[in-house]
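One-letter residues, chain by chain:
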Amino acid sequence: MGGLIYSIIYNLFSKISILLSSYLGLLMLNKHDYGLFSYYTMLIANLSIFFICGGGLSINQAYSSNIKSNSEKEAILASHFLILIILSLLVSLFLVFDFKLYYVLAIFISFFMGASSLIEGKMYATKNYKNMAVNAIVSFIIMLPLIYYFIKKYNILGALFALLLYRFILLSLNLYKSDGLVFIKKESLALMFSKKNIQYLKKNSLPIFLSALCVAPVYFICINIGQYFGLSYENLGEFSWFFQIYNLIVFFPGVLVGFLVSKLNEDRNNINKIFKFYLLFSILIFILLILFKNAVFFISGLKESYHLNLMYYSMMIASFFYIIASSFSGYWLSIGKPRYGFYINLIWACMTLILSYLMLSNGFDYTAIFFGTALSYFLVVVLQFFTFIKVSNGK
């Protein structure tokens, strides 16, 4: 239980740092600049998912499974760092066509987030929860004055630079406390291109990577569709504030996936308890969002209106179905069927894009993205439930 608490603390402070930067941006930047800042933070979120390419879960699985050789585990970690570097360099090539310092910072922030995720996967599996929590708190305390100073001094550029420093500090602390660079030795590097390592990456990492490719661009594409149909950066800023609330909510099931993979490896029958917990948690969050709605509007300075209320309530529904859908995330990996997660994410991505496009093209504002997300996750919940019954019955 202590490990779960430390794990939540770690991820909570990581998420709060992003929420804090968004909140200070909302208060200190004008509406247009805040919308533009939101655009770059959304880009970072999508790039980081692409760079991570499921490596965190794959490494968690490797270190918590029955792989006995440390060199083999370290080879898997080294392989994902190599993939991270290659993907970062490939994305950097696009700077040739449109070089902006904002994009450079976004790529570096995403790289550090990707590297942190890989180390987190190892720390989860090796039960290094306490150091993770301490590192997150220390990084957050250091970040507080930095982000205020840089936003006040350098506007959007300063906000991005503060995020870069935060991610660099957090990564450095995690590397130090986890012996994260231990894979850089002859034995593990020699196994990177071995048949066994490649087979593991193909079986476990590739489906997760493909799932990440399905998820990574969805919201960024939706935002650009909205831009194409004439939506303003001001409207994007409004959406971004609620989207940060959404991210704070859904981080709980996200952090639990990393913690529960180990539990599911111990006993896969735990899935029934996990589903009930997620269902109760989703109901609790839904009720809290109703009760604290006025507080969310008050601290943001946004004035309630029909379209903002609609955006808020659609965000609530999207959060509800996301949490329930997440209850199966660790299960497919634990039973050796990560490809199921890929198929489900592919369906979710296609449905979200199609529904969002249809609504955005018919005059909806960015509320359409929350509506599309909610409907898609509802479909995913139903699909995963029936797939689970089929797999459980051995059909």
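Residues numbered from 1 in each chain as written. Predicted model: local features only at pLDDT ≥ 70, side-chain atom pairs only at ≥ 80, totals over all residues. Heavy atoms only, no water.

Caption draft 1: Seen up close, the overall build of the protein. Of regular secondary structure, the protein possesses 16 helices and 0 strands. Looking at the protein as a whole, 54% of its 395 residues are labelled buried. For the protein, the proportion of contacts with a sequence separation of at least 24, taken over those separated by at least 6, is 84%. Summed over all atoms, the accessible surface of the protein reaches about 18,000 Å², with 70% contributed by carbon and sulfur. (Helix = DSSP H or I, 4+ residues; strand = E, 2+ residues; numbered from the N terminus. Buried < 20%, exposed > 50% of the residue type's maximum accessible area, 1.4 Å probe, protein only. Contact = heavy atoms within 4.5 Å. Areas by Shrake-Rupley, 256 points an atom, 1.4 Å probe, with all protein chains shown as cover.)

Caption draft 2: Expanded view of the environment of F243. Checked against the element boundaries, F243 lands in helix α10 (residues 233–266). Residue F243 is classed as buried on the basis of its relative accessible area of 5%. C-alpha of F243 to C-alpha of M315: the two residues are 72 residues apart in sequence and 7.6 Å apart in space. Filtering out sequence-adjacent residues up to four positions away, F243 remains in contact with M42, Y219 and F370.

Caption draft 3: Quick peek at the packing of helix α13 (residues 306–326) against helix α16 (residues 367–392). At their nearest, the axes of α13 and α16 sit 8 Å apart, and the two run at 20° to each other. In terms of orientation, α13 and α16 fall into the roughly parallel class. Once α13 is placed against α16, the crossing between them reads as left-handed. Every residue of α16 that contacts α13 at H307, L310, M311, S314, M315, I317, A318, F321, Y322, I324 and A325 is listed here: T367, F370, F371, T373, A374, Y377, F378, V380, V381 and Q384. Across the contact of α13 with α16, the residue classes tally to 16 nonpolar, 5 polar and no charged. (Axes fitted to C-alpha atoms, helices over the stretch in contact; angles between N-to-C directions. Parallel < 35°, antiparallel > 145°, perpendicular 65-115°, else oblique. Left-handed = near helix turned anticlockwise from the far one by under 90°. Nonpolar A, V, L, I, M, F, W, Y, C, P; charged D, E, K, R; others polar.)

Caption draft 4: Structural view of the packing of aromatic side chains. Summed over the entire model, instances satisfying the criterion amount to 33 aromatic pairs. An aromatic cluster is defined as three or more aromatic residues linked by ring pairs; in this entry it consists of Y219, F239, F243, Y246, Y322, W348, Y366, F370 and Y377. (Phe/Tyr/Trp six-rings, centres within 6.5 Å; stacked < 30°, edge-to-face > 60°.)

Caption draft 5: Focus on the environment of F251. Summarising the element assignment, F251 is placed in helix α10. Exposure remark for F251: the relative accessible area of 4% places this residue in the buried category. As for F251 and K15, which are separated by 236 residues in sequence, their C-alpha atoms are 7.5 Å apart. Filtering out sequence-adjacent residues up to four positions away, F251 remains in contact with I8, N11, L12 and K15.

Caption draft 6: Geometry of the packing of helix α2 (residues 31–52) against helix α4 (residues 70–92). Between α2 and α4, whose axes approach to 8 Å, the crossing angle comes to 140°. What the angle tells us is that α2 and α4 run oblique. From α2, L47, F50 and F51 reach across to α4, where they touch L84, L87, S88 and V91.

Caption draft 7: Looking closely at a nonpolar patch on the surface. Together, L279, L280, I283, L284, I287, L288, L291 and F292 give the surface a local cluster of nonpolar side chains, amounting to about 740 Å² of exposed area. For L280, the location among the structural elements is in helix α11 (residues 271–291). (Patch = residues over 30% accessible without salt bridge, like charges linked within 9 Å, V, L, I, M, F, W, Y side chains within 5 Å. Salt bridge = Lys/Arg side-chain N within 4 Å of Asp/Glu carboxyl O.)

Caption draft 8: Geometry of helix α6 (residues 129–178). Taking 1.5 Å per residue, 50 residues should reach 74 Å; α6 reaches only 10 Å between its end C-alpha atoms and comes up short. The largest bend along α6 measures about 150° and falls at Y154. (Expected span 1.5 Å × (residues − 1). Bend = angle between axes of the 7 residues up to and from the residue.)

Caption draft 9: Up close: the confidence of the model for the protein. When the pLDDT values of the protein are averaged, the result is 80; 85% of them are 70 or greater. For the protein, the element scoring lowest by mean pLDDT is helix α7 (residues 186–190), at 63; helix α9 (residues 218–228) scores highest, at 91. (pLDDT = per-residue confidence, 0-100.)

Caption draft 10: The arrangement of the side chain of S376 in detail. Examined against the element boundaries, S376 turns out to sit in helix α16. Residue class for S376 comes out buried when judged on its relative accessible area of 1%. Beyond its immediate stretch of four places on either side in the chain, S376 contacts W348, M351, T352 and L355.

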